[in-house]
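Chain residues, written in single-letter form:
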Amino acid sequence: MEWLERARQQYPDARHHCWAYVIGNPENPKLVAMSDDGEPSGTAGKPILNVMQHKEVGDVIAIVVRYFGGVKLGAGGLVRAYSAATQLAYEQITLDTPKNNTVKRLVCEFGDEQRIRHWLAIHEARVIDCSYSKEVTMKVEFESCFVADFSELISALKGGRFTNEE
């Protein structure tokens, strides 16, 4: 929402600051939202979001700033205008795909497996391998920026431990 506030400050005299965002993996986002910002319902935010949902890009917000030019576009014209503006923006962006991943092998008790899998799902990690004997042994991959959080989770478990797999 900081980006939206910046757009409003940069273009304070614009009539509409319509937006949509996709947070998380675009195939299964954690959160999506949109706003028509005073345009007729469904003519701005929804078309912006529709374009975004057909791209393979997550963790993105699109804000379309519109000034009234004296000609009423009608619902169809607004939908086309907001869709086209979003499409043009996507054609001009440079994607930043930071994927500095870490692979860990962890051992835990059966009772802790669900808690670990929940953490992994929230952090968009993947289970590479999992085996069961007296304990659960999992090989997992997740973004390196979550190593400290993962370490904290594992140390809180009774008997939980992990090692680098690299």
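Okay, so let's go over this structure. (Residues numbered from 1 in each chain as written. Predicted model: local features only at pLDDT ≥ 70, side-chain atom pairs only at ≥ 80, totals over all residues. Heavy atoms only, no water.)

Looking now at the overall build of the protein chain. What the protein chain contains, in helices and strands, is five helices and seven strands. In the protein chain, the succession of helices and strands from N to C terminus is α-β-β-α-β-α-β-α-β-β-α-β. Taking 2.2 N^0.38 as the reference for a compact globule, 166 residues should give roughly 15 Å; the C-alpha atoms of the protein chain span a radius of gyration of 22 Å, well beyond that estimate. For the protein chain, buried positions account for 35% of its 166 residues. Residue pairs in contact within the protein chain that sit at least 24 positions apart in sequence constitute 63% of those at least 6 positions apart. Element-wise, carbon and sulfur atoms account for 50% of the exposed surface of the protein chain, whose accessible area totals about 10,400 Å². Taken together, the 19 basic and 23 acidic charged side chains of the protein chain have centroids lying 3 Å from each other. (Helix = DSSP H or I, 4+ residues; strand = E, 2+ residues; numbered from the N terminus. Rg over C-alpha atoms; globule rule 2.2 N^0.38 Å. Buried < 20%, exposed > 50% of the residue type's maximum accessible area, 1.4 Å probe, protein only. Contact = heavy atoms within 4.5 Å. Areas by Shrake-Rupley, 256 points an atom, 1.4 Å probe, with all protein chains shown as cover. Lys, Arg positive; Asp, Glu negative; His and termini not counted. Charge placed at Lys NZ, Arg CZ, Asp CG, Glu CD.)

Let us look at the nonpolar core. Residues Ile48, Met52, Val60, Tyr82 and Tyr90 are the most contacted members of the largest nonpolar core, which totals 15 residues. For this core, the elements supplying multiple residues, two or more each, are β1 (16–23), α2 (45–53), β3 (60–66) and α3 (74–92). Broken down by element, the residue count for this core peaks at four residues, all from α2. Those residues in contact with Tyr90 that lie beyond four places of it in its chain are Val51, Met52, Lys55, Val57 and Val60. Of all hydrophobic cores here, the second largest spans 14 residues; its members include Cys108, Ile116, Val136 and Met138. (Core = buried A, V, L, I, M, F, W, Y, C linked by side-chain atoms within 4.5 Å.)

Pairing is antiparallel across the open sheet formed by three strands, whose spatial order is β2-β1-β3. Looking at which strands have only one partner, the edges of the open sheet turn out to be β2 (31–35) and β3. When the angles between neighbouring strand axes are averaged without regard to direction, this sheet yields 10°. Contacts from α2 reach β1, β2 and β3 within the one sheet, and its direction differs from that of β1 by about 35°. Here α3 sits on the sheet in contact with β1 and β3, set at roughly 130° to β3. (Pairing = 2+ DSSP bridges. Axes fitted to C-alpha atoms, helices over the stretch in contact; angles between N-to-C directions.)

We now examine the environment of Phe110. With respect to the helices and strands, the residue Phe110 is situated in the loop between β4 (101–108) and α4 (113–122). C-alpha of Phe110 to C-alpha of Glu39: the two residues are 71 residues apart in sequence and 53 Å apart in space. Not counting the four nearest positions on each side in its chain, Phe110 is found in contact with Tyr132, Ser133, Lys134, Glu135 and Val136.

To continue, consider the layout of surface pockets. Leftover empty space is mapped by rolling, across the atoms, a probe with the size of a water molecule. In this structure, the second largest pocket occupies an estimated 170 Å³ of space. Along the walls of the second largest pocket sit 13 residues, with Glu39, Arg66, Phe68, Lys72 and Leu78 positioned nearest its centre. Considering each element in turn, the lining of the second largest pocket owes the most residues, three residues, to α3. Residues belonging to the lining of the second largest pocket are distributed by class as follows: six nonpolar, three polar and four charged. (1 Å grid on protein atoms, 1.4 Å probe; cavity = no way out; pocket = protein on both sides within 12 Å on 5 of 7 lines; lining within 4 Å. Points joined across faces, edges and corners; volume = space filled by probe spheres on them. Nonpolar A, V, L, I, M, F, W, Y, C, P; charged D, E, K, R; others polar.)

As a further point, take the packing of aromatic side chains. Scanning all chains against the criterion turns up six aromatic pairs. With a centroid separation of 5.5 Å and 85° between ring planes, the pair formed by Trp119 and Phe142 is classed as edge-to-face. Highlighted residues: Trp119 in helix α4 and Phe142 in strand β6 (residues 136–143), separated in sequence by 23 residues. For Phe142, a relative accessible area of 2% gives the class buried. Summarising the aromatic geometry, the rings of Phe142 and Phe150 are spaced 4.7 Å apart at their centres and angled 40° between planes, so their arrangement reads as tilted. Using a relative accessible area of 0% as the deciding quantity, one classes Phe150 as buried. Sitting over the face of the ring of Trp3, Arg6 holds its NZ or CZ atom 4.5 Å from the ring centroid. (Phe/Tyr/Trp six-rings, centres within 6.5 Å; stacked < 30°, edge-to-face > 60°. Lys NZ or Arg CZ within 6 Å of the ring centre and 35° of its normal.)

Keep in mind that these numbers describe shape and distance, not what the molecule does.
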